[in-house]
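Letter by letter, the chains look like this.
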Amino acid sequence: MDLFDLMLQENRKESAPLAERMKPRSVEEFIGQSHIMGSGRLLRRLIESDKLTSLILHGPPGSGKTSLARVIANQTGAEFESLNAVTSGVKDLREVIGRAEDRLAMNGKRTILFIDEIHRFNKTQQDALLPSVEKGIVIMIGATTENPYYEVNSALISRSNVFRLNALDADDVLGIVDLALDDVERGLGVLNVSLDQDAREAIGRLASGDARRALNAVELAAMTSEPDADGEIVISVEALYESMQHSGQLYDKTGDSHYDIISAFIKSMRGSDPDAALHYLARMIVGGEDPIFIARRIIICASEDVGNADPQALVVAASALKAVETIGMPEGRIPLAQAATYVACAPKSNAAYLGIDRAIEDIRQGRSGAVPSYLKDGTALKLESRKSDVLGGGVYVYPHDHRQHYFKQVYLPAALRGTRYYVLDGQGREAEFEAWLDEIKNREDE
């Protein structure tokens, strides 16, 4: 690197955003993620002992994935190479692997390959990476906001340690901001910047666990606030709010939070908590989730968790889907809310859902049997018959010709006679169904 390149690199550092300048340089400077980076934890031990194996780091934006990779780069004895999966192709990947092979062959030096947004590598790119990871030519560190078990080649996952990074808590975010406010070399220390008490209390909540977002907002607020008579720039909560406008709740329609929030939404309806259901519904709506996707999940919950305890729940849920398709958003939020709260408030039964799963499992295990001859197509006879003929496998009897439109006869194959799939437990309307079935099946006269 010549003098011009060095000067250009320094200029870029000085003009970089605060969040970029404040990236931690060592394990000691890294804040948060104590479940994997605390003293004595596995990942910290691997970094400090320089015994690193391939890693996949996944977590929400601003949780420290790239920062952690830079810490590893600074503390490891290996060469560090970096690729961004968005802008790099198979050719770039092979060039990096080629350099890694040369280093290993010539002086035994290992190469750490950091791949940002690894979930954006397609199957061909991931397959091209796999052999070099298997052979130890590179130690891969992949970073992703996605759940790697959905997006990353299972062979790569099996050869890597997967670590989940959580959204930072409010104290961690504030700690990172305080470092930036005090740091004279890389931060805002030379500007004499501080947060007023309300702003200090709000910063962690407003950042939604994203340190990058907090630092960028603080920098913007500092650059647009006037110093007081003592030359100090005091960032007010109003200035902070303005710098964080359009914050919303963190919700990535294709990321891991997508699965977390839809899971919480469904579990809230299943758990009969309409307020929680509305909360998670609002987070999905504000985050731009597809309303058709939401409506379909409500329909599934209406059948799976309410079932015949209140059959109307499925009607309401299906109507909400049709309404959203017809009127669109934002008005579609209203039928979605109606359906979600109806399902949440309805009595619950999973008897039908469990029943079909039991029946499917029997079929998969080979437990079925021949259809009784009198139930086959074209053999039905609309006539009176003695019960003994029917129970013995004689002829089909037309139930509507009998009292209460019921006649006791065997419908299951002989091998499954007496099997119970649909086990009612007296919830809601199912209590009425159970009473009705008990009455007709225990009836003495025909």
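Keep in mind that this is a model prediction, so the values were computed, not measured.

Colleague: Kindly report on the environment of Ile235, identifying the contributing residues and their values.
Modeller: With respect to the secondary-structure elements, Ile235 resides in strand E7 (residues 233–235). According to the relative accessible area criterion, Ile235 is buried, its value standing at 0%. In the structure, Ile235 is positioned 36 residues away from Ala199 in sequence and 7.1 Å away in space, judged by C-alpha atoms. Not counting chain neighbours up to four residues away, the residues in contact with Ile235 comprise Val193, Ser194, Leu195, Asp196, Ala199, Val218, Ala221, Ala222 and Leu240.

Colleague: Tell me about the sheet that holds strand E5 (residues 161–164), residues and numbers included.
Modeller: Within the open sheet, the five strands sit side by side as E2-E3-E4-E1-E5. Their pairing is parallel. The two strands at the open ends of the sheet, each matched to only one other strand, are strand E2 (79–84) and E5. Averaged over neighbouring strand pairs, the angle between their axes works out to 15° when direction is ignored. Pairing of E2 with strand E3 (residues 111–116), which is carried by six bridges, proceeds in the parallel orientation. Note on E3: the bridge partner recorded for Leu83 is Ile115. Sheet strands in contact with helix H6 (residues 90–107) are E2 and E3, and its direction is about 175° off that of E2.

Colleague: Explain the side chain of Asp172 to me, using residue names and the numbers behind them.
Modeller: For Asp172, the position within the fold is in helix H10 (residues 170–182). In this structure, Asp172 is buried with no salt-bridge partner, the nearest side chain bearing the opposite charge being Arg44 at 12 Å. For Asp172, the contacting residues outside a window of four places in its chain are Ile31 and Gly32.

Colleague: Give a detailed account of a nonpolar patch on the surface, specifying residues and quantitative values.
Modeller: Nonpolar side chains collect at one region of the surface, where Val184, Val190, Leu191 and Met223 lie side by side and expose about 370 Å² of accessible area between them. Among the secondary structure elements, Val184 is positioned in the loop between H10 and strand E6 (193–195). Since its relative accessible area comes to 54%, Val184 is described here as exposed.

Colleague: Can you break down the nonpolar core residue by residue, with the values?
Modeller: Counting 31 residues, the largest nonpolar core has Val177, Leu195, Ile203, Leu215, Val218 and Ile235 as the members making the most contacts within it. Mapped onto this core, the elements with two or more residues apiece are helix H2 (18–21), H10, E6, helix H11 (197–207), helix H12 (211–223), E7 and helix H13 (237–243). It is H12 that contributes the most residues to this core, seven residues altogether. If we ignore the near neighbours within four places in the chain, the residues touching Val177 are Leu195, Ile203, Ala214, Leu215 and Val218.

Colleague: Before we move on, could you go through unusual backbone geometry and cite the residues and values that matter?
Modeller: A negative phi holds for most residues other than glycine; trans holds for most peptide bonds. In this structure, the amide linkage connecting Met329 to the following residue, Pro330, adopts the cis form with an omega of 10°. Within the secondary structure, Pro330 sits in the loop between helix H17 (312–327) and helix H18 (333–345). Of note, Asp50 is a non-glycine position whose phi angle comes to about 55°, a positive value. Position of Asp50 among the secondary structure elements: in the loop between helix H4 (42–48) and strand E1 (55–58).

Colleague: Which residues make up the pattern of salt bridges, and what values go with them?
Modeller: For the structure on display, the rule yields 20 salt bridges. The salt bridge involving Arg159 is made with Glu134; its shortest N-O contact spans 2.8 Å. Of this pair, Arg159 sits in the loop between helix H9 (154–158) and E5 while Glu134 is found in helix H7 (residues 123–134), placing the two residues 25 residues apart along the sequence. Overall, the relative accessible area of 38% leaves Arg159 in the partly exposed class. Through salt bridges that share partners, Arg25, Glu29, Asp183, Glu185 and Arg186 make up one connected network.

Colleague: An account of H18 is requested, with residue identities and associated values reported.
Modeller: Here H18 spans 18 Å end to end across 13 residues, near enough to the 18 Å set by a 1.5 Å rise per residue. For H18, the full list of buried residues reads Pro335, Leu336, Ala339, Ala340, Val343 and Ala344. All buried residues of H18 fall inside an arc of 165° around its axis, so they share one side. In this structure, H18 carries Gln338 and Cys345 as exposed residues pointing more than 90 degrees from its buried face.

Colleague: Describe the packing of H11 against H12, with residues and values.
Modeller: Their axes nearest at 8 Å, the elements H11 and H12 cross at an angle of 130°. When the axes of H11 and H12 are compared, the pair comes out oblique. H11 and H12 meet at a crossing whose hand is right-handed. Side by side, H11 and H12 meet where Ile203, Leu206 and Ala207 of the first sit next to Arg213, Ala214 and Val218 of the second. Within the contact of H11 with H12, the residues separate by chemical class into five nonpolar, no polar and one charged.

Colleague: If you had to explain the pairing of E1 to someone new, which residues and values would you point to?
Modeller: The alternating pattern of E1 places Leu55 and Leu57 and Ile56 and His58 on opposite faces, both of which are buried. Strand direction decides the pairing type here: E1 and strand E4 (residues 139–144), joined by four bridges, are parallel. By the bridge assignment for E4, His58 is matched with Thr144.

Colleague: Quick one: what's the story with helix H15 (residues 274–286), residue by residue and with numbers?
Modeller: The end-to-end C-alpha distance of H15 is 18 Å, a good match for the 18 Å that 13 residues give at a rise of 1.5 Å each. Every buried residue of H15 is accounted for by Ala276, Ala277, Leu281 and Met284. Down the axis of H15, the buried set is contained in an arc of 135°. They therefore lie on one face. Turned more than 90 degrees away from the buried face of H15 sit Asp275 and Val286, all of them exposed. Between the side-chain oxygen of the N-cap and the backbone nitrogen of Asp275 there are 3.2 Å, and the N-cap of H15 in question is Asp273. Directly after H15, the chain includes Gly288, whose backbone phi takes a positive value near 85°.

Colleague: Help me get a handle on the packing of aromatic side chains, residues and values and all.
Modeller: Under the criterion given, the structure shown has one aromatic pair. For the pair Phe80 and Phe114, a centre-to-centre distance of 6.4 Å together with 20° between the ring planes defines the contact as stacked. Within this pair, whereas Phe80 is found in strand E2, its partner Phe114 is found in strand E3, the two being separated by 34 residues in sequence. The class of Phe114 is buried, set by a relative accessible area of 4%.

The rules behind each value
- Residues numbered from 1 in each chain as written.
- Predicted model: local features only at pLDDT ≥ 70, side-chain atom pairs only at ≥ 80, totals over all residues.
- Heavy atoms only, no water.
- Helix = DSSP H or I, 4+ residues; strand = E, 2+ residues; numbered from the N terminus.
- Buried < 20%, exposed > 50% of the residue type's maximum accessible area, 1.4 Å probe, protein only.
- Contact = heavy atoms within 4.5 Å.
- Pairing = 2+ DSSP bridges.
- Axes fitted to C-alpha atoms, helices over the stretch in contact; angles between N-to-C directions.
- Lys, Arg positive; Asp, Glu negative; His and termini not counted.
- Salt bridge = Lys/Arg side-chain N within 4 Å of Asp/Glu carboxyl O.
- Patch = residues over 30% accessible without salt bridge, like charges linked within 9 Å, V, L, I, M, F, W, Y side chains within 5 Å.
- Areas by Shrake-Rupley, 256 points an atom, 1.4 Å probe, with all protein chains shown as cover.
- Core = buried A, V, L, I, M, F, W, Y, C linked by side-chain atoms within 4.5 Å.
- Expected span 1.5 Å × (residues − 1).
- Arc of directions from axis to C-beta.
- Parallel < 35°, antiparallel > 145°, perpendicular 65-115°, else oblique.
- Left-handed = near helix turned anticlockwise from the far one by under 90°.
- Nonpolar A, V, L, I, M, F, W, Y, C, P; charged D, E, K, R; others polar.
- Polar contact = N/O pair within 3.5 Å; in protein donor to acceptor, adjacent residues only side chain to side chain.
- Phe/Tyr/Trp six-rings, centres within 6.5 Å; stacked < 30°, edge-to-face > 60°.

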